[in-house]
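In case you want the letters, here they are:
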Amino acid sequence: MDATLPAFIMSSGFPPTGSLLEALIHISNEVTSLEKIPKVQFKNVSTIIRRIKLLSSLYEEIQQRKKPLPPSSILCLTELLSVIRQVKVLIQGCEEGSALWNLMQTEIISNQFHAIVKEMGRALDILPLSLLNLTADTKEQVELLHKQAKRVELCIDQQEIQRREELLQIIAAYKEKNSKNKGAVNYDKLKEILGSVGLRSSNHYDQEISKLGVEAEKQAGTGGLIAVSNIKSLMSLVSLSKSTIFNEEENEENHEDSRQRLASSRHLDHFSSCQSMVFNTPDEFRCPISLDLMRDPVIVSSGHTYDRNSIAQWINSGHHTCPKSGQRLIHMALIPNYALKSLINQWCQENNIPLVEATSSSSSSLERSNIKGESNEKAIDHIYATKTAMDAVKMTAEFLVGKLATGSPDIQRQAAYELRLLAKTGMDNRRIIAEAGAIPFLVSLLDSSDPRIQENAVTALLNLSIFENNRILIMAAGAIDSIVDVLQSGKNMEARENAAATIYSLSIVDDYKVIIGSRPKAIPALVRLLGEGTAAGKRDAAIALHNLAFYNINKVSIVVAGAVPLLVDQLMDDKAGITDDALAVLALILGCSEGLEEIRKSKILVTLLIDLLRFGSAKGKENAITLLLGLCKTGGEEVARRLLINPSSIPSLQSLAADGSLKARRKAEALLRLLNRCCFQSHNPV
């Protein structure tokens, strides 16, 4: 069916909008017009179909308007087309594959649906709804779908998990039964399980045996010992169930066909001698994807270990996340886990399990060659698909940079907004946008008198600065003075706050801490935002000041700018949510004499710090102790006295000395010793 899709999908240029929308509508109709939803993964399939139906109104409305689309919209729609094609393939797999094997793999398939919905959310990240002039209903519908896709949780049907556990128990009973114990398998329960996945007639059973045979051959080709053993047991169980459940006449008519299907699995008999041992495989030796014994364990960037074949197939199918954690993989390298492989080999030797895949046919070399060829083709397809996506982003970025350079203010506003969205998702996007030459043009727009242009430009620079190399390019473009100007007197609060966040991002580089601090207006502007900004803006200002305060020369500037009273005020504002950040800045500026003197002037700080010893976060408690210890050490007899008369301070310090972090324990013990000396001296001991 995919062969009927337009050829533009494989093009490296911009696709024709009309063809793109037609393809989206066509494939969406194909997916949503399914007459029968598979019994296994029913919830996930139903939900994804509903999401695709909701998006259909978007495509149809855009098609009816017949207006040119912004480049980021075309990129978004192209990515949505790729997502829906993945959905179609996944649903077809659920519909046409073995229902019982899908039940055994329910977590893996559920993870695939979850990953696809996340991809849908990332595609919608770059859809500029405000530029499309959609009806209120459609806009609201898409926004709601976007929010749902961003916060979607993994959905695993617990009823399917329960059915699978019951099925595994029946398989275990079947393996253990012998000729004197033929009643060990509960066929009534098995019939119930088979019926729950849609197997209700003799014909259904025959089809399922055939599908299981196909799956067994596939798993045998990839060396899935446990999987093949499971499938063979399922084939035998389904065949025996058919004989037991249906009447003798049906059995007689279908006897020959059943024998032929079972004969197709005889080449797998060499596994039977170790079946009972396979089911005792330690969980840590099983691949989380296939649940098979790992033959070649490798580690991905998230730190999880998988069998090489399984994770390679996962990546080659277009996934960029860790199947187990859902974390995005920052690179696709597969690092051999030699320690685990050694343990697996040792276990296999002890239990007489073949270390190398057994082959019994003269054609096995040809089969392995074919499998290797298919694997290489998949890898090439994955690389090509990734290259095509990167080419599309590059084309979009170059087009938008051209609009920044030569367009009218309205066009520049739109282009800056689309670059802002594009830079929001993915390190590759940020790299490509910078390579297209966007940074100097965005810097020039920081001085714009148009509030929206200025806001979009500084936010785009913020998003680009997340990529480490781009920080060098932003500083080289002379952006810092313009960013400080936006921070000090931006056209709106969001622009000022995003300028503060950009300064924080740039100040991660040590050399830039000095450069930023040397700008006379930078630190005073951050301190001013600390008093005037929203909760998010205050936090951006606080963490930027914290970064800058690592250099002594900047500490004095922060104190002189009047930061201390504002930071103390933030300790009383629970709603602001920046208590830990404010404490961290105060703890740093305590290290200069000007900071110590200014902190001592606060009449409420000690009381606040004592409360934070009890109720603060672990990091907050560390910084609270740092401040109290620093104040007591530098002649703070009054501080020590206030600590001693407060009934909660000593128990809090003792608790931290016993159970706190290493740093907190060390400082709590030092503060307790200091207070003990003060107490001893105040009683004039002999």
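Further remarks concern the overall build of the protein. When helices and strands are counted, the protein shows 34 helices and three strands. Residues classed as buried in the protein amount to 49% of the 686 residues present. Counted over contacts in the protein with a minimum sequence separation of 6, partners at least 24 positions apart contribute 71%.

Tallied over the full model, the rule gives one cavity of 30 Å³ or more. Empty space within the largest cavity amounts to approximately 40 Å³. Gln41, Phe42, Lys43, Asn44, Ser110, Cys155, Asp157 and Glu160 together form the lining of the largest cavity. Here the lining of the largest cavity is built from residues that sort into two nonpolar, three polar and three charged.

This part covers the packing of aromatic side chains. Scanning the model with the defined rule gives one aromatic pair in all. With centroids separated by 6.0 Å and ring planes inclined at 70°, the aromatic side chains of Phe285 and Trp347 adopt a geometry described as edge-to-face. A residue pair is termed long-range when its members are at least 10 positions apart, and Phe285 in the loop between helix 12 (275–278) and strand 1 (297–299) and Trp347 in helix 14 (residues 338–350) qualify at 62 residues. Here Phe285 falls in the buried class, since its relative accessible area comes to 8%.

Turning to the environment of Pro520, a few remarks are in order. As for its placement among the helices and strands, Pro520 is situated in the loop between helix 23 (510–517) and helix 24 (522–532). Residue classification places Pro520 among the exposed residues on the basis of a relative accessible area of 71%.

In this section: the sheet that holds strand 2 (residues 305–307). Read across the open sheet, the three strands follow the order 2-1-3; overall the sheet is antiparallel. Because the sheet does not close on itself, it has two edges, and the strands there are strand 2 and strand 3 (335–336). Packing of helix 13 (residues 308–316) onto the sheet brings it into contact with strand 1, strand 2 and strand 3, and relative to strand 2 it is tilted by some 95°.

What follows deals with the packing of helix 27 (residues 563–571) against helix 28 (residues 579–589). Two numbers describe a pair of packed helices, the interaxial angle and the distance between the axes. Remark: helix 27 packs on helix 28, axes separated minimally by 8 Å, with the N-to-C direction vectors making an angle of 145°. Every pair of crossing elements has a handedness; the one defined by helix 27 and helix 28 is left-handed. Packed against helix 27, whose contacting residues are Val564, Leu567, Val568, Gln570 and Leu571, the element helix 28 presents Thr579, Ala582, Leu583, Val585, Leu586 and Ile589 at the interface. Among the residues forming the contact of helix 27 with helix 28, the class breakdown is nine nonpolar, two polar and no charged.

This next bit is on the nonpolar core. Formed by 143 residues in total, the largest nonpolar core has its most connected members in Ile48, Tyr59, Leu80 and Ile589. Counting residues per element, this core draws most heavily on helix 3 (residues 71–96), which supplies twelve residues. Non-local contacts of Tyr59, meaning those with residues more than four positions away in its chain, are made with Leu21, Leu24, Ile25, Ser28, Leu77, Leu80 and Ile84. Within the second largest apolar cluster, 25 residues are counted, among which are Leu100, Leu167, Tyr187 and Ala227.

Mapping Thr502 onto the fold places it in helix 22 (residues 493–506). A distance of 2.7 Å separates a polar side-chain atom of Thr502 from the backbone oxygen of Asn498. Beyond its immediate stretch of four places on either side in the chain, Thr502 contacts Val458, Leu462 and Ile483.

Looking at the secondary structure, you find Arg328 in the loop between helix 13 and strand 3. Taking the relative accessible area as the measure of exposure, Arg328 reaches 44% and is therefore partly exposed. Each C-alpha atom, one on Arg328 and one on Ser302, is 7.8 Å from the other, the two residues being 26 residues apart in sequence. Ignoring anything within four residues of it in the chain, the contact list for Arg328 reads Arg122, His320 and Thr321.

Contact geometry of helix 24 with helix 25 (residues 535–548) gives a least axis separation of 8 Å together with a crossing angle of 145°. Once helix 24 is placed against helix 25, the crossing between them reads as left-handed. Together, Ile523, Leu526, Val527, Leu529, Leu530 and Gly531 of helix 24 and Gly537, Lys538, Ala541, Ala542, Ala544, Leu545 and Leu548 of helix 25 make up the contact between the two elements. For the contact of helix 24 with helix 25, the residue count by class is ten nonpolar, two polar and one charged.

Moving on, we get to the pattern of salt bridges. Within this structure, the stated rule accounts for 24 salt bridges. Between Glu166 and Lys189 there is a salt bridge whose closest N-O contact spans 3.4 Å. Residue Glu166 is located in helix 7 (residues 158–176), and its partner Lys189 is located in helix 8 (residues 187–196); the two are separated by 23 residues in the primary sequence. By relative accessible area, Lys189 is classed as partly exposed at 24%. A salt bridge links Lys521 to Asp485, with the nearest nitrogen and oxygen atoms 2.7 Å apart. Note that Lys521 is positioned in the loop between helix 23 and helix 24 and Asp485 in helix 21 (residues 479–489), a separation of 36 residues in sequence. The exposure class of Lys521 is partly exposed, given its relative accessible area of 37%.

Right, let's talk about helix 29 (residues 593–600) for a bit. Residues of helix 29 that are buried: Gly595, Leu596 and Ile599. Burial along helix 29 is one-sided: seen end-on, the buried residues are contained in an arc of 100°. Turned more than 90 degrees from where helix 29 packs its buried face, Ser593 and Glu597 sit exposed. Packed against the buried residues of helix 29 are helix 26 (552–560), helix 27, helix 28, helix 30 (605–615) and helix 31 (618–633).

Averaged over all residues, the pLDDT of the protein is 79; the fraction at 70 or higher stands at 82%. Predicted confidence is poor over residues 178–183, with pLDDT under 50, and the contacts of this stretch with residues over four places away or in other chains come to one contact. Segment residues 247–279: pLDDT under 50, and 42 contacts once partners within four positions in sequence are set aside and those in other chains are kept.

Bringing helix 32 (residues 637–645) into the picture now. Among all positions in helix 32, only Val639, Ala640 and Leu643 are buried. Buried positions in helix 32, seen along its axis, are confined to an arc of 100° and lie on one side of it. The exposed set on the far side of helix 32, more than 90 degrees from its buried face, consists of Glu637 and Ile645.

Next up on the list: unusual backbone geometry. Even without being a glycine, Gln41 presents a positive backbone phi close to 65°. Considering the arrangement of structural elements, one finds Gln41 in the loop between helix 1 (17–32) and helix 2 (42–65). Phi angles above zero are rare outside glycine, and Asn133 is one such case at about 55°. Relative to the helices and strands, Asn133 resides in the loop between helix 5 (106–125) and helix 6 (136–150). Assessed through its relative accessible area of 48%, Asn133 is described here as partly exposed.

So, about the side chain of Glu208. Residue placement: Glu208 occurs in helix 9 (residues 202–221). Salt bridges are absent for the buried Glu208, whose nearest opposite-charge side chain, Lys211, sits at 5.3 Å. Apart from the residues within four sequence positions on either side, Glu208 is in contact with Ser98, Ala99, Leu100, Trp101 and Leu199.

Definitions and limits used
Counting restarts for each chain, with residues numbered from 1 along the sequence as it is written. In view of the model being predicted, local features appear only for residues whose pLDDT reaches at least 70, and side-chain atom pairs are presented and counted only at 80 or more, with totals across whole chains, interfaces and linings using the full set of residues. Hydrogen atoms and water are omitted, and side-chain values are computed over all heavy atoms in the structure. Put simply, DSSP H or I for four residues or longer makes a helix, DSSP E for two residues or longer makes a strand, and each gets a number counted from the N terminus. Relative accessibility under 20% of the residue-type maximum defines a buried residue, over 50% an exposed one, and the middle range a partly exposed one, all with a 1.4 Å probe and only protein chains included. The contact criterion used throughout is that any non-hydrogen atoms of two residues lie within 4.5 Å. Every definition here rests on a 1 Å grid over the protein atoms only: cavities are sets of points where a 1.4 Å probe fits but cannot get out, pockets are open sets enclosed by protein on both sides within 12 Å along at least five of seven lines, and lining residues have some atom within 4 Å of a point. Grid points are joined across faces, edges and corners, and a volume is the space filled by probe spheres set on the points. Note that Gly is not counted as nonpolar here; it falls among the polar residues with everything else outside the nonpolar set of Ala, Val, Leu, Ile, Met, Phe, Trp, Tyr, Cys and Pro and the charged set of Asp, Glu, Lys and Arg. Note on ring pairs: Phe, Tyr and Trp rings are taken, using the six-membered ring of Trp, and paired if centres are within 6.5 Å. Classes follow the plane angle, with under 30 degrees stacked, over 60 edge-to-face and the rest tilted. Following DSSP output, two strands are said to pair if at least two bridges run between them. With axes taken as lines fitted to C-alpha atoms, and helix axes fitted only over the stretch in contact, angles between N-to-C directions fall between 0 and 180 degrees. Left-handed describes a crossing whose near helix is turned anticlockwise from the far helix by less than a right angle; the clockwise case is right-handed. Working definition of a nonpolar core: buried Ala, Val, Leu, Ile, Met, Phe, Trp, Tyr and Cys residues. They are joined through side-chain atoms within 4.5 Å. For the purposes of these results, a polar contact is taken to be a pair of N or O atoms within 3.5 Å, where, inside protein, one atom must be able to donate a hydrogen and its partner to accept one; residues adjacent in sequence count only when each atom of the pair is a side-chain atom. For this document, the term salt bridge refers to a Lys or Arg side-chain nitrogen within 4 Å of an Asp or Glu carboxyl oxygen. It is the directions from the helix axis to the C-beta atoms whose arc is reported. On a range of 0 to 100, pLDDT expresses the predictor's confidence in each residue. Under the convention used here, Asp and Glu are negative, Lys and Arg are positive, and both His and the chain ends fall outside the count.

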